[in-house]
Amino acid sequence: MSAGLPHPLTYSVIIDEKLGLGLPPHVYYMWLAMIILFTCALMLRGRLQLVPGGLQNVFETVIGGLEDFTVANIGEEGRKVFPFLCSIFIFILVMNYIGLIPGCDAATANVNTNAAMAICVFLYYNYIGIKKWGFGYIKHFMGPMAALAPLMLVLETVSHLARPVSLTLRLFGNIRGEEIVLVLLFVLAPVLGTLPMYFLFILGKTIQAFIFFMLTMIYLKGSLEHAH
Amino acid sequence: MFFPKQGKHSGALELLYVSGTIGLQLVSATFIGLAMGYFLDKWLGTSPWLLVVFLILGIVAGFRDVYREAKRIQNRTGGEPGAGDPGAGK
């Protein structure tokens, strides 16, 4: 929960002192999220059952629900890009929730993490578009009328470049803001003040992860469907 | 809550996403336009003309995105503005 304020001690500071690597906190918390997800995945892979129970049930609900949602929005082609979408969602969700653990910080509360993911999204949907349409992908940037094509090319380039920026800033602003509010409320009224906020922030963090997922989906839909 | 079933993901979630999206898209398109103009000026030495042109282009692109988003919502709610809201259109 350090969030850039002169921070209360986070675990990553202690770990960093032990290891002597000099890395910033969000890197450690991102690794933590990766460890959690890899552990879950490896645990589940060993004992997949036809009738799911426990952890497998949770993951099947989440991933199955998201897949239905994606296919309902993009169409059958959505299944090809779904692994990317789903890993983005679950990764962000876990990183966001880690921020709620006392002594931990959300990795998404640092702008670098988000920028990395947003750039991945940007490159990926353009790659998918180019792979599907070849050189014709440029039609997506030209607009409907031939006369206005040069103007549209510039306009679309600007609005496409604005996408990773807005993705980054939205996630960063929301999560960082929540972390700061938690720290401030903890200073004001230690447990009583923060506890109700936890319920709000669990919702808020879920929604932010979902918005990132949904925007990625819409961008992919845009690059997969026929130009205008 | 956050895994909408097929066909059941009505209003609220969609609106949440839209309200979280539109404003920032407008702002970031403007700033991207500004940055492109600034760096092109620096590169080509045509200060300040490209800055002005690209700033205006950025603003236009931002508004165009918002307009497109509004159209998308309109299509989704059945063509009529406010069709998802029973109190509207009286």
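Located above this text is the structure these notes cover.
Residues numbered from 1 in each chain as written. Chains lettered and ligands numbered in written order. Predicted model: local features only at pLDDT ≥ 70, side-chain atom pairs only at ≥ 80, totals over all residues. Heavy atoms only, no water.

Q: Would you mind showing me how to read the overall build of chain A here?
A: Of regular secondary structure, chain A possesses seven helices and zero strands. What you see in chain A, going N to C, is helices and strands ordered as α-α-α-α-α-α-α. The buried share of chain A, reckoned over its 228 residues, is 46%. Residue pairs in contact within chain A that sit at least 24 positions apart in sequence constitute 68% of those at least 6 positions apart. (Helix = DSSP H or I, 4+ residues; strand = E, 2+ residues; numbered from the N terminus. Buried < 20%, exposed > 50% of the residue type's maximum accessible area, 1.4 Å probe, protein only. Contact = heavy atoms within 4.5 Å.)

Q: Could you clarify how one ought to interpret the nonpolar core in this entry?
A: One broad rule of soluble globular proteins: the nonpolar side chains tend to lie buried together. In this structure, Leu-66, Phe-89, Val-121, Phe-212 and Phe-213 of chain A are the most contacted members of the largest nonpolar core, which totals 49 residues. At the level of elements, helix 2 (25–46), helix 3 (55–74), helix 4 (78–98), helix 5 (111–133), helix 6 (149–188) and helix 7 (194–224) of chain A together with helix 1 (11–44) of chain B are the ones that each hand at least two residues to this core. Among the elements that line this core, the one with the most residues is helix 4 of chain A, at 14 residues. Leaving out residues up to four positions away in the same chain, Phe-212 of chain A has contacts with Ile-88, Ile-92, Met-117, Ala-118, Val-121, Leu-167 and Leu-171 of chain A. (Core = buried A, V, L, I, M, F, W, Y, C linked by side-chain atoms within 4.5 Å.)

Q: Just checking my understanding: could you explain helix 7 of chain A for this structure?
A: Because each turn of an α-helix spans 3.6 residues, side chains separated by three or four positions in sequence point in the same direction. Between its first and last C-alpha atoms helix 7 of chain A spans 44 Å; for 31 residues at 1.5 Å apiece the expected length is 45 Å, and the two agree. Largest kink in helix 7 of chain A: about 30°, centred on Leu-200 of chain A. (Expected span 1.5 Å × (residues − 1). Bend = angle between axes of the 7 residues up to and from the residue.)

Q: Honestly, the environment of Leu-37 of chain A in this entry has me stumped. Any pointers?
A: Residues and elements named next belong to chain A. Mapped onto the elements of the fold, Leu-37 is located in helix 2. Each C-alpha atom of the pair Leu-37 and Val-94 lies 8.1 Å from the other, and the pair is 57 residues apart in sequence. Other than its neighbours up to four places away in sequence, Leu-37 contacts Ile-90, Phe-91 and Val-94.

Q: Any chance you could explain helix 4 of chain A here in plain terms?
A: Residues and elements named next belong to chain A. Helix length check: helix 4 (21 residues) gives 29 Å between terminal C-alpha atoms against 30 Å at 1.5 Å per residue, within 8%. At Phe-84, helix 4 shows its largest kink, close to 30°. With 16 of 21 residues buried, helix 4 is to be regarded as a mostly interior element.

Q: Can you walk me through the interface of chain A and chain B in this structure?
A: Frequently, the measure chosen for interface size is the accessible area that the parts lose on association. Every contact between the two is made by 31 residues of chain A and, on the other side, 29 residues of chain B. Taken as a group, Leu-155, Val-158 and Arg-170 of chain A account for 19% of the area that chain A buries against chain B, more than any other trio of residues on that side. Between chain A and chain B we count two salt bridges in total. For Arg-64 of chain B, the salt bridge goes to Glu-156 of chain A, with nearest N and O atoms at 2.8 Å. Where chain A meets chain B, there are four residue pairs in polar contact (both at pLDDT 80 or more). (Buried area = accessible area lost by both parts, 1.4 Å probe. Salt bridge = Lys/Arg side-chain N within 4 Å of Asp/Glu carboxyl O. Polar contact = N/O pair within 3.5 Å; in protein donor to acceptor, adjacent residues only side chain to side chain.)

Q: I keep staring at the packing of aromatic side chains and nothing clicks. Help me out?
A: Note on aromatic pairs: each is described by the distance of the centres and the angle between the planes. Residues and elements named next belong to chain A. Within this structure, the stated rule accounts for eleven aromatic pairs over all chains. For the ring pair Tyr-125 and Tyr-219, a centre distance of 5.5 Å and an interplane angle of 50° mean the geometry is tilted. Of this pair, Tyr-125 sits in helix 5 while Tyr-219 sits in helix 7, and the two are 94 residues apart along the sequence. Residue Tyr-125 shares its accessibility class with Tyr-219, and that shared class is buried. Ring geometry for Phe-210 versus Phe-213: centroids 5.6 Å apart, planes at 40°, classification tilted. Linking Phe-210 with Phe-213, this pair stays in helix 7, spanning three residues, or about one helical turn. When its relative accessible area of 4% is taken as the criterion, Phe-210 is described as buried. (Phe/Tyr/Trp six-rings, centres within 6.5 Å; stacked < 30°, edge-to-face > 60°.)

The values reported here are purely geometric and, on their own, carry no functional implication.
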